[in-house]
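In case you want the letters, here they are:
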Amino acid sequence: MKFHWFAEVTYPHLPADFPKKHRSAWVDPPASLAEPLRAGEMYRMFIRLMQHADRMGFDGLAVNEHHQTAFAMTPSPNLLAASLAGTTENAAILVIGDSLALYNPPTRVAEEMAYLDCLSGGRLIAGFVFGTPMDSTFSYGIPPVELRDRFHEARELILRAWREPEPFAFNGEYTKLRYINVWPRPVQAPPPVWVPGSGSVETWDLVIDQDYCYGHLSFSGLNSARPLVERYWDYVDKRGGNMNPNRMAFTQICCVADTDEEAEREYYDAVKYFYTHNPTWMPFATPPGYQTLATLKAQMEGGFGRGISAEDRLRAARGEMSFWEYDEKGYIIAGTPARVRQRIRELATELRVGQLIPTLSMGDLAEETAHKNTTLFGREVIPYLRDLWADQPDHWTPRVSQQRVAANAPSLVEATR
Amino acid sequence: MAITTEQVGGASVRVWADGAGPALVYLHGFERHPGEAPFLRALAGRRRVVAPEHPGYGESTGFEGFHDMVDVVLYYRRFIESLGGDPVDLVGHSLGGMFSAEIAALCPQVVRRLVLVGAYGLWRDDVPVPDPFAIEAADLGRAKWGAAGPVAEEPSIVLPEAENPNAAIYDRTRNLAAATKFLWPIPDRGLRRRLPFVKAPTLVVHGAEDGLVPAAYADEFASIIPDARVAIIAGAGHYPMVTHEREFVDAVERFLA
């Protein structure tokens, strides 16, 4: 099993009354709330933490794309990825991902990802995303009804730009180019492709047909994810797709400490900040046409979201859960390394997850706590879980990062000494 | 008169039609086809009224053939020509008004007279059109109905899967998704450049309290279309034909007479 360090780059200095005063942390929160110099300090902190994760044996360093939000201030994940690709040695650079419909022309993605793969010596994972409705349809103005078409056209252009040895013409609906000839091409031919989703049947078909790594990237916890992920695997099975758990990625907030009491003391405030400072105005999350009608019907009639009650969702978003209730409901996995690794083993086994994306900094967590979280996770969690799914081939992380992490990561022997 | 399903090019669309005489074609707004609405029946008392459902709405297909506005215009040119060959009076509401103005500009030979009702299609920085896709239900209600307040039952064509308890949600999602093609993120696809080519005498009808397309846009349309006059309906919102049926029908009939 593999582990990709991740954190939402959440602005940590929002006032306590932010959720009361502003309807949304997305699309239209006042930008005056973020001080540019403090944002810069925050960016440097995340780079330091991820460089540390590279030394602690993590398989990947994950970065993502969001726009116009206090929740994740990484409008270009490729910029953060570039800071990491040039200053780390082992881990994969997991861009999860570029919002393909928002790059015009999408050649930009082919070029920047190729740059990252070259700079990292072949350690790039190419994540392609639709982007949230807040990002792609409201902040970047793509008509919802066109988003999927634009994504697929861009995906075809990018993969072809990496594959074709000669310049070629591309006559798409949204992009027309006479000469596509990306310089340089990526080291990997091509980098592994991951496509996360949120339950759309169309995305399931895509990852099954193309044998991509799928991802369930949410922070609503295990109980909420279980029905969705189970349904996904049932669907893969029914369609005769590849059931290899190494092509399933999953995000999970983890809070590791020397004792359970210390975990609560060190992380509770930051967990509450994470969940309470992310209000989303409902119309920004549900534009018509973002989901296909088929997916909407499947969700309304298939009982999606049954895994967790509406009341619990509200309480989580209001910070009304105790630390251990967040843990019990699966929003977080917290406690001693022994407890955390046991819970991850259960989760990964039950949901067939081979690529965990542990979220080790959240909200306004102090750097030293996130640093310690990363150290404990790297030394005392990861080595104990390497056996899981080790019998299954992994074509979804780069060969170079697999070799280097295996050669350099803390081993179980070291960890237990 | 019942709703029938007609073939238009490759599309299969629902059409409400009634009455006899020269054709009046009514193109509906961004939310839905109004079905056999009282104002359509009233108009059909004096002449033939033909009200097609837009491709992509309800049970009408052919939306995938719409890549841009030119496809919409050619689709409706074919539809209008299929009615007998004479130019028609074209009445368009909201999104249908945007389509109607485009048709009249690009295919003047098929439009005798034009009526635009709360039409989308223009943008003024000093009077921005509110986002019809990101709006609370209560605010949408105010914007639609104005001082008249919400009507007991909005006129609507029969919902696909009407027996399904979620039919209204599916229908609205399907319809508004199609509307995003032309109204998102700014309902301006260049109509301002083409309006000077409208030859048909035009009546611009607008609810004084339209909260979706502010009444300032009535004057904006009228100032660019060469032969246009404005009829403002006091107290009405985005649906004057529903809340102020008599005034609406009278104004339209007087203009088309």
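Scroll up a little and you will see the structure.
Residues numbered from 1 in each chain as written. Chains lettered and ligands numbered in written order. Predicted model: local features only at pLDDT ≥ 70, side-chain atom pairs only at ≥ 80, totals over all residues. Heavy atoms only, no water.

Student: So what about the pattern of salt bridges? Which residues, and what values?
Tutor: Applying the stated criterion across every chain yields a total of 42 salt bridges over all chains. Note that Arg226(A) is salt-bridged to Glu350(A), the shortest N-O span being 2.4 Å. Taken together, the residues Arg226(A) in helix α8 (residues 222–238) and Glu350(A) in helix α14 (residues 337–351) connect sequence positions 124 residues apart. Judged by its relative accessible area of 24%, Arg226(A) falls in the partly exposed class. The partner of Asp89(B) in a salt bridge is Arg47(B), and the shortest N-O contact between them spans 2.9 Å. (Salt bridge = Lys/Arg side-chain N within 4 Å of Asp/Glu carboxyl O. Helix = DSSP H or I, 4+ residues; strand = E, 2+ residues; numbered from the N terminus. Buried < 20%, exposed > 50% of the residue type's maximum accessible area, 1.4 Å probe, protein only.)

Student: Describe the interface of chain A and chain B, listing the residues and the values that go with them.
Tutor: The partner chain B presents 20 residues to the 21 residues of chain A that form the contact. Approximately 1700 Å² of surface area, both sides summed, lies buried where chain A meets chain B, with 66% of it carried by carbon and sulfur atoms. Connecting chain A to chain B are two salt bridges. Two residues, Lys297(A) and Glu161(B), come together in a salt bridge whose shortest N-O distance is 2.6 Å. In this structure, the connection of chain A to chain B is made through nine residue pairs in polar contact (both at pLDDT 80 or more). (Contact = heavy atoms within 4.5 Å. Buried area = accessible area lost by both parts, 1.4 Å probe. Polar contact = N/O pair within 3.5 Å; in protein donor to acceptor, adjacent residues only side chain to side chain.)

Student: Report on the layout of surface pockets, specifying residues and quantitative values.
Tutor: To locate leftover empty space, one rolls a probe as large as a water molecule over the atoms. Size it by volume and the second largest pocket reaches roughly 630 Å³. What lines the second largest pocket is a set of 27 residues, and nearest its centre among them are Val145(A), Phe63(B), Glu64(B), Ala177(B) and Ala178(B). Looking at the lining of the second largest pocket, the elements with two or more residues in it are α6 (144–163) and α11 (293–301) of chain A together with α5 (167–183) of chain B. Residues belonging to the lining of the second largest pocket are distributed by class as follows: nine nonpolar, 10 polar and eight charged. (1 Å grid on protein atoms, 1.4 Å probe; cavity = no way out; pocket = protein on both sides within 12 Å on 5 of 7 lines; lining within 4 Å. Points joined across faces, edges and corners; volume = space filled by probe spheres on them. Nonpolar A, V, L, I, M, F, W, Y, C, P; charged D, E, K, R; others polar.)

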